[in-house]
Structures are given as structure tokens and as C-alpha cells.
Amino acid sequence: MNNPPPPLPGHRPLLDPAAEYGRWTEERPLARVSLWGDTHPWLVTRHEDARAVLGDPRFSSRNTRPGFPGLQPTPPPPTPGQLFAMDPPDHTRLRRMLIPEFTFRRVEQLRPAIRNITAELLDGLAKQEQPADLVEHFTLPLPLLVICELLGVPYEDRDFIHHHAAAFATVTAGPQAMRAGWAGLFGYLQELLAAKSREPGDDLMSKLATERVATGEATSAEAAGLLVQLLIAGHETTASMLSLGVVALLRHPEQAAALRTDEDLVPGAVEELLRYLTVVHIGLRRIATEDVEVGGVTIRAGEGVVVALQAANRDPAVFADPDRLDLTRDAGRHLAFGHGLHHCLGQSLARAELQIALPMLFRRLPGLRLTSVAEEYAFEGRAIHGVRELPVAW
């Protein structure tokens, strides 16, 4: 290709998509972009096209397929239990093992525990010397505590967990560092899984050990892989959403005030924040297994596709004035949790945590304010957009 297509945007503003996406949605909604080397997958930016790709089984998620538009030029080795990199029937078999723990009804039963954890963290935050780091004392420990309790992982190992999860999510660190992050958690959880098989408790890991691995429905490696994915996704994304949600609300004080006082507003407000912020910002990756027409363009078998969720969630054809945060908007069609077979398994849990934590924070600390420019702490090169620190006072 003599004139390579433009590169996939790497940097983005703190609260908005990369600047190129708005223009591309209008001018070139389905066109080629450049990744590493001479890899030129299709980039999908329109909401309608994103749903079409994510809902079509002819687009594979298996990242070991030749030509898959992965995060690194070196294809990863096959890794047991990585649901996001699997196709049916293995994807279906393993996902079904987890569904009972993440149903809406099950998550509703967890809400009192989430409220208690939130209240305890806010008590601790209120005692900190100001300014205090909201990430360290609230937005990171909250989802990590919840997922550790749900899975049966000791919270005292949180530093080890977060270090390896962050390594896996840091795209610019290179494939070896990413694999080392995954491998560290994988080995750690295999040991815990073996211990749970001998002395089970009332948690998801024990159920996997005694009801799935012991019966031969899953291997211990598959179960450990599932747990790694749940542990990483169960705290990284929600922690970033909480942090960026706070920044967005502090920059829209009238909407923060409404969230603080109007309980009925909360569910819809969380959906709007999910749409507006879209923390999964590297795009969902797929590869066509046969020729497929999307948006009037034929994507050939073996060609890669990157679905830009941050662009689809700001598509003006679906969301009027999409760059404006409006907590009263009906944002129910957003794609922050993906779509199709691979839609986020833990979305009900993430919603519950956001719906509980954000109003409680703003009610407990009504004078909450940033003491530094949040952009100074933005992640660079991470698969999940967010901030590493957030100094605040109240």
C-alpha cells in the first residue's frame, strides 16, 4: 500500500474520544487504519455498524487467528479461559459456568454489601489529610474489594493483584510485559483454586473448583483463566469509571447536584456516564471468517476489524448533541459494555457499584473538589482509560 491509511489514534483527551473519531464518523465511518507494521484493519465508528459487527458470528474474537488485529504485532500464545478471545462452542461452555453469579437478581442481593463497603471507605476517606488521593482511598479499593469478596480472593493481596492487572492492561509496555502480568495472576489463582478444592468456601472460586473442575466440566487452567479475566475486568474498568465519573460530575456541578438529590435520576445518569466516558478505548477487535457486508462495504474473510466504542457512543445519528453530558438523556442504547455474544458478563455488577458509589460520595462530601488538574494523571498506553491518581479536598 503506497499511501498507508491514518494510524489508529492512541492518545485521547481525559473525558472525550480521540479528536479524529468525530470527523471519521461523518466522513469515513468504515475505512482502513494502520496498526503495527503493514497491518491495516477496518475501523468501525458508527453505532449501527458497530452493532452489526459485534452481533455477527462471522466475526471471530479468537486472537490467535492469522491476521487478527491484536494489541501487539506478535500473536499471543493460546491462553485457557480468555473468554474475550474465544468463539463458540468453548466460549459458550465456559461463559455458562459464570452466568448464575452475575444475573441481575444475584447482583441485587449484593447491593447491601456494596453499600456497606462504600460507607466504610467513605469513613476512611473522610479521615484522610487533605488533599487525599481519591483513587487510592475510594475508586480503586471499592470495586477491588467487591470482586475479591465475590471470587474468594484475599484482599490483602491487592497490591500484587493490581500490579499484575495494570501490567497486563498497559499496551505500550510490550507483549512480554503484558504476558507476564497475565501469567503472574494466572499462577496465583491456580494456587488459590487448588486450595479451594481442598477447603471450599462460599464464593465463586470454590464453586468452580468443586462443581466444574472436580466434575471434569472445565480444566483447572480454564478455571484459573476465567478468574484472571474476572479479577482484572471486575475492578479496572469500574475503578476508571468511578474516577472519570467524579471528574465529569465536578465539571458539571448542576448535574452533580441533581444526582445527589434525585434518587430516580441515578440509573439513567449512570448509563449516560457510561456512554459519555467509554473507558474501554482501544476498540474491540475481530476478524472476518467469511466475506461480510457492513455499512455498504465488503469486509473480506481474513480481514481484521477494530470497533471504536468511544466513537459509536458519540454517534450523532443515535445520540443528539453527543458531546454533551446530559444525565437526563435516554442513553440505553450505548455500547460501553459491548454487544452480542461477548457483551460484558459483569455489567449488572458494574452498574450496581456505580449507582451506589457515586451518589453516596457526593452526599457524604458535598464540598468535594479537585485540587489538581486531572489531566496530569491520565493513563497513557493503557487498554482502559482513566487516571492513576485524583487529588481531592472537601
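Fair warning: this is a prediction, and the values are worked out from it, not measured in the lab.

Draft legend 1. The overall build of the protein chain, seen in detail. A count of helical and extended segments in the protein chain gives 14 helices and 10 strands. The C-alpha radius of gyration of the protein chain comes to 21 Å, within 12% of the 21 Å expected for a compact globule of 394 residues. A total of 394 residues make up the protein chain; the buried ones form 55% of that total. Accessible surface for the protein chain amounts to roughly 16900 Å². Of this, 51% is attributable to carbon and sulfur atoms. Separation of charge centres in the protein chain, based on 39 positive and 49 negative side chains, amounts to 2 Å.

Draft legend 2. Spotlight on the pattern of salt bridges. Evaluation of the coordinates by the stated rule reveals 23 salt bridges. Of the charged contacts in the structure, one is a salt bridge between E222 and R93, with a shortest N-O distance of 2.7 Å. Here R93 lies in helix α3 (residues 90-98) and E222 lies in helix α10 (residues 220-250), a separation of 129 residues in the sequence. For R93, a relative accessible area of 29% corresponds to the partly exposed category. The partner of R324 in a salt bridge is D326, and the shortest N-O contact between them spans 3.5 Å. Among the residues examined, R324 registers a relative accessible area of 40% and is labelled partly exposed. One network of salt bridges, in which partners are shared, links D16, R314 and D323.

Draft legend 3. Spotlight on the side chain of S240. With respect to the helices, strands and loops of the structure, S240 is situated in helix α10. Judged by relative accessible area, S240 falls into the buried class, the value being 4%. Polar side-chain contacts of S240 include one of 3.2 Å to the backbone oxygen of H385. If we ignore the near neighbours within four places in the chain, the residues touching S240 are V279, F379, I384, H385 and G386.

Draft legend 4. Representation of the pairing of strand β8 (residues 304-307). Of the two faces of β8, both are covered, the one formed by G304 and V306 as well as the one formed by V305 and V307. When strand β5 (residues 284-288) meets β8, the two strands line up antiparallel, connected through 4 bridges. Bridged to I287 within β8 is G304.

Draft legend 5. View of helix α6 (residues 141-151). Within α6, 9 of the 11 residues are buried, which leaves the element mostly enclosed by the surrounding structure. Where α6 terminates, the next one or two residues include G152, which has phi positive at roughly 90°.

Draft legend 6. Geometry of the sheet that holds strand β2 (residues 42-44). Reading across the sheet, the 5 strands line up as β1-β2-β8-β5-β3 and stay open at both edges, with mixed pairing between neighbours. Of all the strands in the sheet, just β1 (30-32) and β3 (59-60) have a single pairing partner and so form its edges. As judged from the 3 bridges shared by β1 and β2, these two strands associate in the antiparallel manner. Bridge assignment links R32 to a residue of β2, and that residue is W42. Sitting on the sheet, helix α2 (residues 47-54) touches β1, β2, β3, β5 and β8, and the angle it makes with β8 is about 125°.

Draft legend 7. Layout of the sheet that holds strand β4 (residues 132-133). Across the sheet, 3 strands lie side by side as β4-β10-β9; this open sheet has antiparallel pairing. The strands lining the two open edges of the sheet, one partner per strand, are β4 and β9 (369-370). Taken together, the 2 bridges between β9 and strand β10 (residues 391-393) define a ladder with antiparallel strand orientation. By the bridge assignment for β10, R369 is matched with A393.

Draft legend 8. Structural detail: the pairing of β5. Most of β5 sits out of view: 4 of its 5 residues are buried. Relative to β5, β3 runs antiparallel, the two sharing 2 bridges. From the neighbouring strand, F59 faces β5, where its bridge partner is A288.

Draft legend 9. Focus on the packing of helix α12 (residues 266-277) against helix α14 (residues 347-364). Relative to each other, α12 and α14 sit at 110°, their axes nearing to 10 Å. Taken together, the axes of α12 and α14 are roughly perpendicular relative to one another. Along its contact with α12, which presents V266, P267, V270, E271, L273 and L274, the element α14 presents R351, L354, Q355, L358 and P359. Class assignment for the residues of the contact of α12 with α14 results in 8 nonpolar, 1 polar and 2 charged.

Draft legend 10. Representation of the packing of aromatic side chains. In total, this model carries 3 aromatic pairs according to the counting rule given. Between Y21 and W24, the ring centres sit 6.0 Å apart and the planes meet at 85°, which makes this aromatic pair edge-to-face. Separated by 3 residues within a single helix, Y21 and W24 lie in helix α1 (residues 19-27), roughly one turn from each other. Accessibility assignment for this pair places Y21 and W24 in one class, buried. Ring centres of F160 and Y188 lie 5.2 Å apart, and the angle between their planes is 50°; this geometry places the pair in the tilted category. Residue F160 is found in helix α7 (residues 158-169), and its partner Y188 is found in helix α8 (residues 175-198); the two are separated by 28 residues along the sequence.

Definitions and limits used
Residues numbered from 1 in each chain as written. Predicted model: local features only at pLDDT ≥ 70, side-chain atom pairs only at ≥ 80, totals over all residues. Heavy atoms only, no water. Helix = DSSP H or I, 4+ residues; strand = E, 2+ residues; numbered from the N terminus. Rg over C-alpha atoms; globule rule 2.2 N^0.38 Å. Buried < 20%, exposed > 50% of the residue type's maximum accessible area, 1.4 Å probe, protein only. Areas by Shrake-Rupley, 256 points an atom, 1.4 Å probe, with all protein chains shown as cover. Lys, Arg positive; Asp, Glu negative; His and termini not counted. Charge placed at Lys NZ, Arg CZ, Asp CG, Glu CD. Salt bridge = Lys/Arg side-chain N within 4 Å of Asp/Glu carboxyl O. Polar contact = N/O pair within 3.5 Å; in protein donor to acceptor, adjacent residues only side chain to side chain. Contact = heavy atoms within 4.5 Å. Pairing = 2+ DSSP bridges. Axes fitted to C-alpha atoms, helices over the stretch in contact; angles between N-to-C directions. Parallel < 35°, antiparallel > 145°, perpendicular 65-115°, else oblique. Nonpolar A, V, L, I, M, F, W, Y, C, P; charged D, E, K, R; others polar. Phe/Tyr/Trp six-rings, centres within 6.5 Å; stacked < 30°, edge-to-face > 60°.

Structural measurements only, silent on function.
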